[in-house]
Amino acid sequence: MTAASFAQERAWLASRFAADTALYHVTDQWPLHGDVSEGQIRAALAAVVARHEALRTGFRVVDGELHAVVRDGVDPDLEVLDLSGRPEEEQRAAREALADRLKHTAFDLSRAPLWRAGLVRLGAGRWRLLFVAHHAVCDAPSLFNLHAELTEFCAAFEQDRPPSVPRLILSYGDYARRQRERLDGAGTAALAGYWRAQLAGLPPAHGLPLDLPRPARRSFAGAELRTELPAGTAPALAQAAGRYGVTPFELLLAGYAALVHRRSGRDDVVLGVPLSGRDRPELLPLVGTFVNMVVLRVDASGDPSYAALADRVRAVWRAARDHQELPFQTVVEQLAPRRGPGLPPLYQLAFNVTAAEGFGPPSTAAEDDLLLEVSGGTVRLEYNTALFGPETAAGLLADYAAVVTAALADPATPLSRLPAGPGPEGGAEPVPPPGHVPPRTAAEELVARAWAEVLGVDRVGVEDDFFAVGGHSLQALRLLARLSADHRVETTVDAFFSNPTVARLAAELERHTATRRDDRTDPEGETWQ
């Protein structure tokens, strides 16, 4: 058992908040052709699992810290479905039904493996493998590695030859240990200094008008819309990038920043962008999760031209990449931002450009208020349906395409003249937090006292939201560990993250204590002190 990597920690923590089971699941489907048998496919899958310890990993919280528990071996969770001889449409429907069920079945994160697969036989020599894994053990590049290795092992077994797969210089556990060693003490201090300076005085929210009041409890309900950029966008991006010394990614990101600026009226635009974290050659062939989110703060003041804004984006983006190794959750811990109920820390708007060809099935959940993602000529906007309606989302998506098209036609155009309408007047007011309610029971007194000490505050109300008053996920784990160690009481991480108030935590502790009391022959119970 070793300390989890920071990427594992972030994915594990983030999934504690989300009620939607599939939000932190990564999925793919791979065709397997040739005269390969079910047994050979099983053997190939077992060989891949043996090479990559992330596929044999579960997690445990020990003394308030997340640890990875790697098993020597696991039994592949493979469901086989024989659809050979059925019509193509019937095959497709049955295959997608299986994929949907695999995707929406929850994982127990304490038990390896945190992946499952379905093997579908479509006919002689025609197979399709459906793969689902939790993001804490697998990211998008890992899916590419898995497909490549699985295909090679199948071919090697079929042809009775040794497989040709990349040599793994280090294991995922080696990576996690080295990462924590690099960020111990001085390494963290140097990176944290940059992020504290860069994000000082960060606005608590993006300022885009909402259609609905932000709920006090964070919602992950979502939907998405897609559109195509006009023909000729790709060569126009390449031409403008060469002319202004930026990349196509930076131009597309500048378009999003311009849209948010115009729609919100804010000059201080804050966006979250994922980085793959595979910045060294030895990490490229590994299966695991390496992604880190970086926060970009773009200055849109002074009505700059689109080209000038892209230059500002370039500077911010490249500085963020130079300081990307500090984990997002550590940045949150360093800044300790106070935020309103239901408000994610530091950023609520995300952006990404993916190299994959096209997108998968439409999303029904949303981690961010908005995620704008570009793949080739397709743009999708994933939006939180507890905050935005479909008409607003459609308008934002159409405006983004219009902004990029107009800006590429004339990059000297000032932001004020780009075709993005302002947001609707006003917007929904946030749901007001409840007033201060002091502790009413001995259990609430105990929890409030521990809560105040962990957060360093003088007064805690029983209906205060842990994260709204400045807490973050790592402090939450420490709080639960402290209560467990000091008072022999415990609650589940999921129960706390779903309703992080003193009242709810105290009620959970009382319930657990009553259960243990009922299970003992001695009826004396714990006393709350």
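Criteria and thresholds
Residues numbered from 1 in each chain as written. Predicted model: local features only at pLDDT ≥ 70, side-chain atom pairs only at ≥ 80, totals over all residues. Heavy atoms only, no water. Core = buried A, V, L, I, M, F, W, Y, C linked by side-chain atoms within 4.5 Å. Buried < 20%, exposed > 50% of the residue type's maximum accessible area, 1.4 Å probe, protein only. Helix = DSSP H or I, 4+ residues; strand = E, 2+ residues; numbered from the N terminus. Salt bridge = Lys/Arg side-chain N within 4 Å of Asp/Glu carboxyl O. Pairing = 2+ DSSP bridges.

Draft legend 1. Examining the nonpolar core more closely. Residues L251, Y256, F351, L370 and Y400 are the most contacted members of the largest nonpolar core, which totals 74 residues. For this core, the element with the highest residue contribution is helix α8 (residues 248–264), accounting for ten residues. Counting residues in hydrophobic clusters, the runner-up holds 50 residues, among them V48, L83, V120 and L143.

Draft legend 2. Broad picture of the pattern of salt bridges. Tallying each qualifying case throughout the model produces 26 salt bridges. Across the pair R42 and E38 runs a salt bridge whose closest N-O atoms are separated by 3.2 Å. Of this pair, R42 and E38 are both found in helix α2 (residues 38–51), four residues apart, which corresponds to roughly one turn of the helix. The partly exposed category is assigned to E38, whose relative accessible area is 30%. Via salt bridges that share partners, E224, R226, E373, R380 and E382 belong to a single interconnected network.

Draft legend 3. Region of interest: the sheet that holds strand β1 (residues 2–3). Pairing is antiparallel in the open sheet, where three strands are placed in the order β1-β4-β3. Both outer strands of the open sheet, β1 and β3 (57–62), are each paired with one neighbouring strand and no more. Relative to strand β4 (residues 65–70), β3 runs antiparallel, the two sharing six bridges. By the bridge assignment, R60 is partnered in β4 with H67.

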